[in-house]
Every structure is written in C-alpha cells, then in structure tokens.
Amino acid sequence: NNSPFCLYQPRSFGEISRTRFHDVIIQPAKRKMDPKLLIKAVGLVAISYLSVEVAKRTGILGNPRDDDTDNEGEDTLVLQKSLHRLPEEYMDDFGGPMLGGDSAATEAEARMVGTIKAELTEEEQLRSAIMAMGTKDTKKDAKVHADTKHMGNGKEVGHDGTVTDTAKQLRAHASLSDANLKRLKPVPLFVMCPLDMRRIPLEKLTKWFGKLKNAGAHGVMMDFWWSIAEKYPGKYDWSDYDPILIVLKELGLKVQAVMSFHVCGECDGDEAYVPLPQFVTNLAKTNPSILFLDERGVPSYECLSFGVDHERIFPGPKGPNTRTALEMYTDFMTNFRIHFADYIPNTIVEVQVGLGPSGELRYPSYSLSKWQFPGIGAFQCYDNYLAKSCFWKTWVSPPQGVLPDYNQTPDKTSYFCENGTVTTRDGRTFMRWYFDTMYNHGDDMLKRANSVFKNSGVKLSAKVAGIYWFAKKP
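Within any chain, residue numbers begin from 1 and follow the written order of that chain's sequence. Selection of residues for local features in this predicted model requires a pLDDT of at least 70, selection of side-chain atom pairs for listing and counting requires 80 or more, and totals for whole chains, interfaces and linings are taken over all residues. Neither water nor hydrogens contribute to the side-chain values; these are computed over all heavy atoms in the structure.

Caption draft 1: Molecular detail of the packing of helix α15 (residues 384–394) against helix α16 (residues 425–453). Axis geometry follows a simple rule: fit a line to the C-alpha atoms, using only the stretch in contact for helices, then measure angles between N-to-C directions, giving values from 0 to 180 degrees. Think of it this way: any DSSP run of H or I at least four residues long counts as a helix, any run of E at least two long counts as a strand, and we number them from the N terminus. Interhelical geometry of α15 versus α16 gives an angle of 125° and a closest axis separation of 10 Å. On the basis of the axis angle, α15 is oblique to α16. Every pair of crossing elements has a handedness; the one defined by α15 and α16 is right-handed. Mapping the contact onto sequence places L386, S389, C390, K393 and T394 in α15 and T429, F430, W433 and T437 in α16. When the residues that make up the contact of α15 with α16 are grouped by side-chain class, the tally is four nonpolar, four polar and one charged. Roughly parallel means an angle under 35 degrees; roughly antiparallel, over 145; roughly perpendicular, 65 to 115; everything else is oblique. A clockwise turn of the near helix away from the far one marks a right-handed crossing, whereas an anticlockwise turn of less than a right angle marks a left-handed crossing. The criterion used for residue contact is that any of the two residues' heavy atoms lie within 4.5 Å. Polar here means any residue other than Ala, Val, Leu, Ile, Met, Phe, Trp, Tyr, Cys and Pro, which are nonpolar, and Asp, Glu, Lys and Arg, which are charged; Gly is therefore polar.

Caption draft 2: Just the packing of helix α14 (residues 325–339) against α16, in detail. The contact between α14 and α16 brings their axes to 10 Å, and the two run at 30°. For the element pair α14 / α16, the angle class is roughly parallel. As α14 runs across α16, the sense of the crossing is right-handed. Within the contact between the two elements, α14 uses L326, E327, Y329, T330, M333, T334, F336 and R337 and α16 uses H441, D444, M445, R448, A449, V452 and F453. In terms of residue class, the contact of α14 with α16 is made up of eight nonpolar, three polar and four charged.

Caption draft 3: Summary view of helix α13 (residues 278–286). Listing the buried residues of α13 in full gives F279, V280, T281 and A284. If you follow the buried residues of α13, they end up packed against α11 (226–229), β6 (291–293), β7 (299–304), β8 (314–316), β9 (319–323) and α14. Burial here depends on accessible area, computed with a 1.4 Å probe over protein chains only, as a share of the maximum for the residue type. Under 20% is buried, over 50% is exposed, and the range in between is partly exposed.

Written out as structure tokens, the structure is:
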C-alpha cells in the first residue's frame, strides 16, 4: 500500500506489456529494488487494473469500453486521470512514477492520494443525492449542487502542467442514468419463519405471510424438522407442513426449505424446543455413543455423532439395525422431494442441508446447557465410534485432561496455551483428524443431497459456522 505503483493505472494489459514493462520490471531492477516489494508492486498494477475495469463494466464508474481503445478524451475515468497525475519532476524517463525512497516523491504520492480520496468522496455524495431524488429535475438540481461544491477544489493538473476544471468529467462519470439503474439486480429477500410453525395458528400465519408479500419479500426460510416428519422409523408424515405450503403457494411466496436433522433449543436465540426423533433418543439410552460425548462422557443431544455416519445400527422399515445415519438423512430428503413434488421448484426454490448442530457444519462444542459466552467449549470426540476412528487413523488417542470446563479461555488450558500440546506433533495430528472427520461428514451429506435433488431445479445450500473469537489465540 506504500508503493508508488499504487499511483499508476494502466489502460490495458496490452499497455503493460508494450509500453510499461520497462517501468514495472527493468527500472526497479536497475535501482536494486527489494524483490519482495517488486513482486507486490507488479501484483498491485494488475489488481488495480482489474478493480477499475470491473467498476467500469458494472456501471459503478464510467461506461464499459474495450480494453484496447484509447478514448482518453471521452471516457477515461476521473479516478484513472488522477492516478496518472504525478508532477513531471517525480516521473522517470519513461513517464512512470519514480521508484525509491525520495521524500519529495513520497510527499507527492500523499498529496495525490488525498486528492483522489476527495474526488471519490465528492462522487459518492453526488450518487447519493441522485438516488435520493426521483425526477429528472431534482437530479439536475442535485448535479448543480454537487458541481458547486466540487468547483471549489476540483482543479486538475495535467502532465503538461495545464490546469483544467474536472466538473464536467465528474458529472459525466458519476451520474447514474436510468439505463444504469435498470442494470442493478435486486437481491431477493427471504424472511426466517418461527422455528416451530406448529405452535402458530394457520390464520395468524396467513396474515403474516400476506404482510410479507405486500412488503415486497421474495419468500420465507422454514425448518422441516426430522422428528416432526419421521415419528416412526421410515414412516413420514408432512401434515404439519402441508397447509403452510398451500398458503405460501397461493400468495406467490418462495420457500427456502431447511432439512433440520438437529435439536432446536440448544443454540442462542432458540425460542422453541424440537428434539431428535423418539426412536433415536430411545437408542441413545442403551448406546449413548451414537451422540457426541465430551471428555467426561457427558452426551450432547444436539445431533448424532459423525462417527455413526456409516454404522448400520439404526432402525428402519425393515427392522432394527437396518440403516446408517447417512441413510436415514437420505431417506428423509428423498421422501421430502416426493411428497412436495408439486411445489418444486416453483415454490420451493432452495433446500438447505443440515450438517450438524444448529444445522451448521461444526461440532456441538458449546451447547447452551453447558456453556456461557465466551468460553472455549470442549472437544466432542469421546464416543466409542470417534475415539476408535481417531486411534486407528492417526495412532493418537483423543487428548485427556485438556479442558477443566467449557468456560475456560485458551491460555488457561495446557492444550491451547502458548507452546501447548496443540503445537506438538501429536497435537497437530489430532487437530487434523478432528477437522477431517467433520469435513468428510459434510462432504458425504452434500453428495447425498445432490443425488436426491439432482435435476429438480432447486438450489442446494449449507450453513458453515462462524470463525469465533479465539480462532487466532495463541
């Protein structure tokens, strides 16, 4: 960011190769420029070119034009002209900005950057004024007002030392024409529904949806809970959702359907409680390792462990021990597509695949029943299936005595403190396996979802957890 190359804006990549190669490559080499700075500078030239070209082609700055044309008098951006505007005493023999530590050049750069920022500020003010006014007359008034402000300091010094007024150029490139406004694509607005729609009378929901439609909303996002639709293994009942979909279709609202394979009630902001299916929780009483366990053996009821994805231990229509976890998820999505075929893809336009706690691809490391902000949480890999996987794939067992409780900070633990276990070979090996296990679960889930909804016309999406506050500590 402190490189003089920031002040040079080529008109095209062709210009870089034809007329500026000497400036960018040869001159720095002659002056024994730091190679790292040279590489950074060359990158900045390319990035600055791409940034301005994208801005022009999207109508943000100026009009789109061919890269190889040289209509500088007609449609060169104010920004581009500013970037070429170093005084001659600070230009080298080839017309490029001087390189090196000349204090005068540095001061010139600072002045130029300040001028560019001022012009861009004026331009943004003009844009805001134009967009806030609806008629051509008010747009004209806004331009006159902005021109008057700009005329006070809008003088431009050219390469030949002449002083020109940039008001016309600013007005030509900053104004948003009706054509440009039409090119701006609206972002569809989807409103999240209450987590458990069964608790709300249909008449009340209908009024809510009508208000959303009148307000211009594109549609809603709605959870389809595993335990509500599959109360018995392999038997599905969507009757709680059918009337809601009918109303949404009649109103013309679109639906982002969330395949929710997790518990509702263990995340901050959950105002409802929806458990896992009863046949799953019954199995957990005799085999708690189908759930995530922390180091103390305390289970998390937020979702099934990643370790049972391929374990055929769950009941199905054909009896006990006939399905894996992945097969249960796949059966749910398959029946969803079949039952709601009349709504796909015209009403149900997107399916978000639940991948873990709160639907996110992560571990249940900070359930509300055990944790308070901003605690570090705890590893969740001590069930029999994950513990065995960890040892057989890495020859390293899950760490013991790592976290005194869920609410510690990293520096208070032997594992994550500075030079702690996480920095050792075994620590790094474990963390790689821990991440890969989660990643592979997400990969398997999305592959199956893609197979189920292939050629249906709906979009597939997934939730990725945020990077939290201790991500870089130590």
